[in-house]
Amino acid sequence: MTSRAKLDGLSVDSLVELFAEIGVAQSKALDADDTAKYNRLFRKLMEVEGELKNRSGDQRKALVALYGYPNMQVRLSAAKATLAVAPQAARQAIEAIAASTWPPQCYDARMCLWMLDERKFVPT
Amino acid sequence: MLGAGTILVPAEGIRKLQSLKGREQHVLALLSAAYGTAVAPSVLGNIERAAKSWSEGDDFIAHLHLAHSGLHSLADLANAALRLRMAKGALDHGASPRAVFEALHLDARYIDTLEKLYNPAQPRVPAGHPDGGEWTSGDWGSAADASSHQVLSDATPDNTWKPGAQYAANEPPPGIGHNQGPPLEPAPEVPENLRYNTSPFWDFTKAAVRWLGKGGWKPLARIGVRIGLEGTIGGPIGDFLLAVEAAYWGYAAYPYIRSYFDPPKTLDELRQNTKPGYDEHHIVERWSKKDGIPETWIESPDNVVPIPKLKHWEINSWLDSENKDYLDENGLKLTPRQYITGKSWKERYEFGLTVLRKFGVLK
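Residues numbered from 1 in each chain as written. Chains lettered and ligands numbered in written order. Predicted model: local features only at pLDDT ≥ 70, side-chain atom pairs only at ≥ 80, totals over all residues.

S.K.: Quick question: what am I supposed to make of the overall build of chain B here?
M.R.: Along chain B, the regular secondary structure elements total 17 helices and 6 strands. Taking all 363 residues of chain B together, 36% fall into the buried category. Long-range pairs, those at least 24 residues apart, make up 60% of the contacts in chain B with a sequence separation of at least 6. (Helix = DSSP H or I, 4+ residues; strand = E, 2+ residues; numbered from the N terminus. Buried ≥ 20, exposed ≤ 12 C-beta atoms within 10 Å, placed from the backbone. Contact = placed C-beta atoms within 7 Å.)

S.K.: Looking at this model, I keep getting lost on helix α5 (residues 87-99) of chain A. Mind explaining?
M.R.: Along an α-helix, residues three or four positions apart point the same way, because every turn accommodates 3.6 residues. Residues and elements named next belong to chain A. Taking 1.5 Å of rise per residue, the 13 residues of α5 would be expected to cover 18 Å, and the 18 Å separating its terminal C-alpha atoms lies within 8% of that figure. Regarding α5, the residues found buried are A90, A93, I94, A96, I97, A98 and A99. Here the buried face of α5 lies against α4 (72-81) and α6 (105-117). (Expected span 1.5 Å × (residues − 1).)

S.K.: Even after reading the chapter, I still don't get the interface of chain B and chain A, so can you show me in this structure?
M.R.: By a widely used convention, the size of an interface equals the accessible area lost when the partners come together. Contacts between the two partners involve 32 residues from chain B, matched on the other side by 33 residues from chain A. Sorting the residues of the side of chain B that touches chain A by element identifies α9 (199-214), α15 (309-319), β5 (323-327) and α17 (345-358) of chain B as the ones contributing at least two each. A per-class count over the side of chain B that touches chain A returns 11 nonpolar, 10 polar and 11 charged. (Nonpolar A, V, L, I, M, F, W, Y, C, P; charged D, E, K, R; others polar.)

S.K.: Help me understand the nonpolar core in this model?
M.R.: It is characteristic of soluble globular proteins that their nonpolar side chains tend to be buried jointly. In this structure, F19, L63, L66, A78, I94 and I97 of chain A are the most contacted members of the largest nonpolar core, which totals 53 residues. Broken down by secondary-structure element, the contributors of at least two residues to this core are α2 (12-31), α3 (35-54), α4, α5 and α6 of chain A together with β4 (304-308), α15 and α17 of chain B. With 8 residues, α2 of chain A is the largest single contributor of residues to this core. In contact with A78 of chain A, other than residues within four places in its own chain, are L63, L66, Y67 and Y69 of chain A. Listed in part, the 25 residues of the second largest apolar core include V9, V43, L44 and I111 of chain B. (Core = buried A, V, L, I, M, F, W, Y, C linked by C-beta atoms within 7 Å.)

Set out below in structure tokens:
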């Protein structure tokens, strides 16, 4: 589904939709304690994110629309994916997740902020 | 038998008591009258188990089950006997258990949740549905309807969700709708029978803590207090906690559920944690010895700390999950565990402490 050739043919809106779909599946994998599946889906998510980045004008900014998606994993992935293109809004979205008690995304969001603040992770 | 001849559970033969099914509220009303306070539904499980052991001729085990109920000797016998007699009289003359609970001035949320748990008029999921025949809650039923999420949650609706909005960390009251997250899904179904320390037991317990965390639950009571008190918070979370308590195996799951919600502690405070509910956690992980870290350092008391078992599980899952924040020198995405490989003891230790802080374990 997410082979490079197939992603090439998708519109930005379809890629955003696919990004959310994968995020929901990741969320289910987390709930099922299936880390292997989560990691496989993560790689697919990175392909979609990479495709959006390669589109003219860096279309990762389209993922900002997912900050309010009704799934916390999708919100977090969208916020992380947009750190380079919408740094302030993305950080605020991550801070909001970090301040919640929504496991397990709240923990990853808190670690992400720490990595950013320590400059151990610089979004590109 | 309780007090001066009050029959709690009638016998149906020699050493054989009738089932408690259908009379749960009645029994709880009598016990609550005797004790003058709300009696946790888990006591019913203790009574059932005691009755079973007794019917099998094992009086010793039966007494153990009753001891586990936590019901102590009555402190004020005269008043207890009077309350019991009045309650028994009222019930015998057609009063409902609710009337007894109300006369005892018990919390309305306790009374409501008992009715939801044990009232045969409680709505059921329609036949044919995967959950058909199971008890359901009217509130939860509406949760399935996307248009009525407001019934379940007063969180900011998703379409108006504002990045960076001030979140519920600023002392939210407990309960759903105060976590500002997406709409909460219905509570995990509470199985009737689960054996301790089996996969289904842990699957349920993990799902329970995640769901409660998403609901913004904060335990009201200190460690050691039973779920019944927590259940009085009402709403779907109260219903869920009471259902867990009412399940006969619920007492085994509660220490793990409760410890997950411990407030952050200092390392010294964490070292006071005792089982059940806690696991030994290595701040610099044990596998590091394969990566050149001396085993004596890894096993030193400074590096080992008991933490909530299910937080331990959350941390382990996260450490093994690929993450775009963790890159190698070529920009390849790693798991946090891969990222820390090859780092110095000091870096690993600092990282381990940070993980504990961010997961809400360490102050």
